[in-house]
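Observations on the model geometry
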Amino acid sequence: LSSAEPRSGDAAKGPYAPDGDGELRREFVERWRDNAYGCFSSGHKFCREVCPVMQVTRNENHTPTAFHANIVAMEQGLVDAEDVADDYVHCTGCGACELRCPNTLFTGDFYRHRTRTVDVVKAMRALMVKTGNERPGWRRWVERLVEAGNEPVLGEVPVEQEHVRDWAHGLDLPEGGETIMFVDCEAAFYRTSYSRAIAQLLMKAGVDFGLMREQWCCGGPAAEMGYVDQARAFAEHNVADWRAVGARRIIAPDPHDYIAFTEDYPRYFGADYEFEIVLGVELLGDLVGEGRLALTEPVERTVTYHDPCRLNKRKGVHEAPRELLRAIPGLTFRDVDHVTQWSYCSGGGGGLPVEKPEITAEISRRRVGRAAQLDVDTLVSACPWSERPLANAGDEQGLEVMDLFELVARAAGIEVGGHARAPAATEAGR
Amino acid sequence: MSAVAFKSAIDDAVLDELRSIIGDERRLLPNLSSRVNRTRVPAPFPVHRWAEHMPDVAVLPVSAEEVAAVVRLANRRGIPVVPRAGGTGLSDGAVPLRGGILVDVKLMNQIHEIDLEDRTVTVGPGINMLKLNEQLRPHGVFYPDDPASYPCSLVGGRIGTGGWSLLGARFGHTRDLVVSMQVVLPTGEIAHVGEGGGRKLRKSSTGLTLKHLFTGHQGTLGITTEATLELAPRPELEFAAFFAFDDYMKAHRTTGALTRSGLATLAGVVLFDEWKIAYLRRDDEAYIPQPDDVRSVVAVAAYGTRGEVEAAAERIMKLGRLDDGRYLGDEISQGDWASRHDRYATPLHGRDLEGQAVPMSWHCEDAALNYSVLPRVREEWHAIVERYRREYGIFDDWGMFAYTSGAGKPWGDYLVEIDVGIWEQRLDEDGWRAWVSCKREISEVSLNHGGSITACHGATREGDAELVPREMGSSWPVALAIKRALDPNNVMNPGKQSFDEAYR
């Protein structure tokens, strides 16, 4: 019996085809090969059943193990960016795989090792852009982002600079100052109740803060889609705006912005990045804990809490939101522990809803389904990115989706205003 | 007589036919990355010959009917079919050796029925045990198949490989836990196999007992498309105790005493040898450091009702200490047992001949051996690995475990493993040949001591496969006759276990 021959073209590429992109591929493989090999050689695959995308598609191409194995295969000259480009779209950047990796869990501290998969996906997407293998949906999205300065958020408010502060109507927020609150695009143009809630809570607690003169997107989503140069340009604009008003402290209510400011920006600017970045939910937790913000109005709801991936899995923030929920009078809180929630996700991150909205919708459907089993009336999240797909799934299953800030604001006796959702007809992935 | 087709047999006409069967482009995957990523399992892999192991096309069926239609097509055209579930096996069951159509069952992960009256759960082969148990938990029952790969392996692969469970001494192993199943035969018929004609019966004397024929065949006799599994009551109490010894033989004797104790709640006993302890000491994060006089460890677990386990724990604490055993405390006992799936193999622990950390691939070579030969086999196995380690500089000895293996009768034989680190980045053809040769020598030792090449991983790849006829001896012609009768065209996972002999 003959052993199988590779199909024509299978092994013909050579590791680095001399077509001008070879150097880019070589750099990419050299940068990530040892990290990839830590996964490839252990072969545990414990990451798979916690991966929100894999749980839906059940396709081995979409697994963290494949994302690493492809780099080894690329080094062998078996595959190229074009062969795997669609696979790397299948990631929300939630980071569950990194936490569940036995290499990270049991030997990571000793060897100063953490399996890095989210960064690998971002790096591959950047290689896809540089080698002409970008995804059409993401390209259009980033083109519109660059044109408007903000994400092409779907909703009723036009995405234009002149409307970027519409959400704050009537709040009389100043411009500039030592402390700036950065408002996420989704929360500025779509879920405005989110921004109004946190802003009014901070005002009520006596926190002085201002808004940017001209607020662009944080650049994080573009970076996640592989558009490194564009993301960098947004970062430079925002940092220049902060400096121009003498800002020292940036409040980031949105977990995605917080990741950009604490992970992407320091990489861009190195030592020349002087800002203190404060996470909204932690600041709020402190204010309540210190008695500067009293939660006195009962909220008669039975809720469970969705751990946003970028808080829980990426940043280890899971206590502060729970403490806030427990501080709300009248609330019945049915908790699911944060480790169990490693395998939960809304599907809203990493650009997935732009390219694969049906997968995002199914991830959210399953997440809401788990909440519904707890016999609650409300699923509380703490990330506006998650709340659009979760709310869509909640509509299907008769469960309301609220943001934590909105709930806390009610308990603080604040009439929030704004809108949590656009009319159903305009619903779509962002 | 030889009837195995090659990759070239897959052409556009075959793809069109597959397309008409599957009917969904997202589940018919002829693209390169889909093939590259269904080529290997965690077993050592000849990276330099990756392309040789790729399937030509992968399909993700959602029903037994789709699987059957694909297999009928393959059988008619003489195209190899390779079933794949999690792809987490430690031998090559799910690795294509001759290309062909890879049938990936991961989408068949539904729970079809939970029957709390007759205590069964019926599932698709693509479901993972951890996920299954999450759904079973509210009902007070669980499916007790508990391998090291518990968080990632899938029911179909467990059945195909004939998996072994850490809790097998108490609850049985995969084959004991499958009550009945639906199998697509190599010629494409769908058959239901169980005890007699029963779907939820644990014992029958009608006809032949076919169920065991379809567990542990390494994907060579068919593809399981549905399985009815045992439901056990969730234990009220789990007890684990780890004992340290300054001498392997004391630990060996203690293992024997524990397994002969007659405790019905005994779920498993694990014996760590001195190489394993030394390996774990390489990183004090992974294993709380033990004094140098600790040379061996015995871990024991009991599962059951509170009254039973509390009484058993008292007996275990006495037996564990009889031969100078020292209890390692609640933290290690409970912590290490709780993390038993994750704990004991990491590529970061690899060391080259100079003791430098290098990323090594973990390989676990297993055998089924009787209690009496464990000390001798241990010496011979370590000597083999040491010889290859010194000669090639790409291997590393990560020590041995022996685990109780008899379901409900843990006293006589053991799943024995030697963990070997392999520096795959340095693997070339010479290194690969050396590994195959090392593997063969390890297996030969097992046979020389009246053991079996493998207790659960499967004897599928060279280094093992050529020894299968010798191990099977006078029953080998029977196995060949069965293979030939069920798979006349040798399309079902060809090239494994020396079954090609059936067609010569």
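Our structure is the block above this text.
In what follows, the accompanying structure is described. The structure displayed is predicted, hence computed values, not measured ones. (Residues numbered from 1 in each chain as written. Chains lettered and ligands numbered in written order. Predicted model: local features only at pLDDT ≥ 70, side-chain atom pairs only at ≥ 80, totals over all residues. Heavy atoms only, no water.)

A look at the overall build of chain A
For chain A, the count of helices and strands is 20 helices and seven strands. The buried share among the 430 residues of chain A stands at 65%. The long-range fraction of contacts in chain A, counting pairs at least 24 apart against all pairs at least 6 apart in sequence, stands at 77%. Side-chain charges in chain A split into 48 positive and 68 negative, and the spacing between the mean points of these groups amounts to 4 Å. (Helix = DSSP H or I, 4+ residues; strand = E, 2+ residues; numbered from the N terminus. Buried < 20%, exposed > 50% of the residue type's maximum accessible area, 1.4 Å probe, protein only. Contact = heavy atoms within 4.5 Å. Lys, Arg positive; Asp, Glu negative; His and termini not counted. Charge placed at Lys NZ, Arg CZ, Asp CG, Glu CD.)

Quick look at the overall build of chain B
When helices and strands are counted, chain B shows 15 helices and 18 strands. Expected size for 504 residues packed as a compact globule is a radius of gyration near 23 Å; at 23 Å, chain B falls within 12% of this value. Across its three principal axes, chain B shows a C-alpha extent of roughly 70 × 60 × 45 Å. When the 504 residues of chain B are sorted by exposure, 65% land in the buried category. Surface summary for chain B: the accessible area is close to 17,500 Å², and the carbon and sulfur share equals 49%. Charge centroids of chain B, computed over 57 positive and 70 negative side chains, lie 2 Å from each other. (Rg over C-alpha atoms; globule rule 2.2 N^0.38 Å. Areas by Shrake-Rupley, 256 points an atom, 1.4 Å probe, with all protein chains shown as cover.)

A closer look at the side chain of Glu274(B)
All names here are of chain B. Here Glu274 is to be found in helix α9 (residues 274–280). The class for Glu274 is buried, based on a relative accessible area of 16%. Apart from the residues lying within four places of it in its own chain, the contact partners of Glu274 are Tyr248, Arg295 and Arg378.

Looking at the interface of chain B and chain A
Every contact between the two is made by 68 residues of chain B and, on the other side, 52 residues of chain A. Summed over both sides, the interface between chain B and chain A buries roughly 4,800 Å², with carbon and sulfur atoms accounting for 55% of that surface. The largest per-residue losses of area from chain B upon contact with chain A belong to Asn37(B), Asp342(B) and Leu348(B), which jointly make up 13% of the total buried on that side. Joining chain B to chain A, the criterion identifies two salt bridges. (Buried area = accessible area lost by both parts, 1.4 Å probe. Salt bridge = Lys/Arg side-chain N within 4 Å of Asp/Glu carboxyl O.)

Some details on the sheet that holds strand β5 (residues 332–333) of chain A
All names here are of chain A. The four strands lie next to each other as β5-β4-β6-β7, forming an open sheet whose pairing is parallel. The sheet is open, and its two borders are formed by β5 and β7 (400–403), each paired with just one other strand. In this structure, strand β4 (residues 302–305) lies alongside strand β6 (residues 378–381), joined through three bridges in parallel fashion. Opposite Thr304, over in β6, you have Leu379 as the bridge partner. (Pairing = 2+ DSSP bridges.)

So, the sheet that holds strand β2 (residues 57–59) of chain B
Residue and element names in this part refer to chain B. Spatially, the four strands line up as an open sheet ordered β1-β2-β4-β3, and their pairing is mixed. The outermost strands of the open sheet, each flanked by one partner alone, are β1 (28–29) and β3 (81–84). Two elements, β1 and β2, share two bridges in a ladder whose sense is antiparallel. Paired with Leu29 across the bridge in β2 is Ala58. Seen against the sheet, helix α3 (residues 64–77) touches β2, β3 and β4 (101–104) and runs at an angle of roughly 165° to β4. (Axes fitted to C-alpha atoms, helices over the stretch in contact; angles between N-to-C directions.)

Comments concerning the nonpolar core
Residues Trp167(A), Trp242(A), Phe261(A), Tyr265(A) and Leu325(A) are the most contacted members of the largest nonpolar core, which totals 88 residues. Excluding anything up to four places from it in sequence, Tyr265(A) contacts Cys218(A), Phe234(A), Ala235(A), Asn238(A), Val239(A), Trp242(A), Ala260(A), Gly270(A) and Tyr273(A). With 82 residues, the next largest nonpolar core counts Phe239(B), Tyr303(B), Met317(B) and Met400(B) among its residues. (Core = buried A, V, L, I, M, F, W, Y, C linked by side-chain atoms within 4.5 Å.)

As for the pattern of salt bridges
Residue and element names in this part refer to chain A. Under the definition given, this model contains 71 salt bridges over all chains. Ionic pairing is found between Arg25 and Asp80, a salt bridge with its closest N-O pair at 3.1 Å. Highlighted residues: Arg25 in helix α1 (residues 22–42) and Asp80 in the loop between α3 (64–75) and α4 (81–84), separated in sequence by 55 residues. Arg25 sits in the buried class, given a relative accessible area of 3%.

Examining the state of the cysteines
Residues and elements named next belong to chain A. Taken as a whole and assessed by the stated rule, the structure comprises zero disulfides over all chains. Free of any disulfide, Cys94 has its nearest neighbouring cysteine sulfur in Cys309, separated by 4.7 Å. The exposure class assigned to Cys94 is buried, which follows from its relative accessible area of 6%. The thiol sulfur of Cys217 is not disulfide-bonded, and the nearest other cysteine sulfur, from Cys185, lies at 4.2 Å. Overall, Cys217 belongs to the buried group, its relative accessible area being 0%. (Disulfide = S-S within 2.5 Å.)

Description of the packing of α1(A) against α3(A)
Residues and elements named next belong to chain A. Direction vectors running N to C along α1 and α3 enclose 125°, while the axes themselves pass 8 Å from each other. Classed by the angle they form, the pair α1 and α3 counts as oblique. As α1 runs across α3, the sense of the crossing is left-handed. Here α1 contributes Phe28, Val29, Trp32, Arg33, Asn35, Ala36, Tyr37, Cys39 and Phe40 to the contact with α3, which in turn contributes Thr65, His68, Ala69, Ile71, Val72, Met74 and Glu75. Considered class by class, the residues forming the contact of α1 with α3 number eleven nonpolar, three polar and two charged. (Parallel < 35°, antiparallel > 145°, perpendicular 65-115°, else oblique. Left-handed = near helix turned anticlockwise from the far one by under 90°. Nonpolar A, V, L, I, M, F, W, Y, C, P; charged D, E, K, R; others polar.)

What to know about the environment of Val376(A)
Residues and elements named next belong to chain A. For Val376, the location among the structural elements is in the loop between α18 (357–372) and β6. Placed 23 residues apart in sequence, Val376 and Leu399 show a C-alpha to C-alpha distance of 7.9 Å. Look past the residues within four positions of Val376 in its chain and what remains in contact with it is Thr302, Val303, Thr304, Arg334, Ala371 and Leu399.

Remarks on the environment of Leu73(B)
Residues and elements named next belong to chain B. Among the secondary structure elements, Leu73 is positioned in helix α3. On the basis of relative accessible area, Leu73 is assigned to the buried category, the value being 1%. Remark: the alpha-carbon pair of Leu73 and Gly87, spanning 14 residues in sequence, is separated by 24 Å.

A short note on helix α19 (residues 384–397) of chain A
All names here are of chain A. Between its first and last C-alpha, α19 extends 20 Å over 14 residues, near the 20 Å set by a 1.5 Å rise per residue. When you tally the buried positions in α19, you get ten out of 14 residues, the bulk of the element. If you check which residues of α19 are buried, you get Pro384, Trp385, Ser386, Glu387, Arg388, Pro389, Leu390, Ala391, Ala393 and Gly394. Phi for Gly398, located one or two positions after α19, is positive at around 70°. (Expected span 1.5 Å × (residues − 1).)

Here's the deal with the pairing of strand β6 (residues 120–123) of chain B
All names here are of chain B. Residue alternation in β6 divides its side chains into two sets, Thr120 and Thr122 and Val121 and Val123, and both sets are buried. Here strand β5 (residues 111–115) runs beside β6; their pairing, made up of four bridges, is antiparallel. Residue pairing across strands places Ile111 opposite Val123, the latter belonging to β6. Counting the residues that bridge the hairpin from β5 to β6 gives four residues, and of these Arg119 lies at a positive phi of roughly 65°. Examined bridge by bridge, β6 and strand β10 (residues 223–230) share four bridges and lie antiparallel to one another. Bridged to Thr122 within β10 is Thr228.

Focus: helix α12 (residues 374–392) of chain B
Residues and elements named next belong to chain B. With 19 residues, α12 extends 27 Å from end C-alpha to end C-alpha; this agrees with the ideal 27 Å at 1.5 Å per step. All of the buried residues in α12 are Leu374, Pro375, Val377, Arg378, Trp381, His382, Ile384, Val385, Tyr388 and Arg389. Contacts made by the buried residues of α12 are with α8 (248–259), α9, β16 (361–370), β17 (395–404), β18 (413–422) and α13 (429–448). Looking one or two residues past α12, Gly393 carries a phi angle of roughly 70°, positive in sign.

Things to note about the packing of aromatic side chains
All names here are of chain B. Enumeration according to the criterion identifies 31 aromatic pairs over all chains in this entry. Measuring from centroid to centroid gives 6.3 Å for Phe171 and Tyr303, while their planes differ by 80°, and the two rings are edge-to-face. Of this pair, Phe171 sits in helix α6 (residues 168–171) while Tyr303 sits in strand β14 (residues 296–304); the two residues are 132 residues apart in sequence, bridging distant segments of the chain. Owing to a relative accessible area of 14%, Phe171 belongs among the buried residues under this scheme. We classify Tyr303 as buried; its relative accessible area is 1%. On the basis of an interplanar angle of 70° and a centroid distance of 6.2 Å, the ring pair of Tyr392 and Phe395 is categorised as edge-to-face. (Phe/Tyr/Trp six-rings, centres within 6.5 Å; stacked < 30°, edge-to-face > 60°.)

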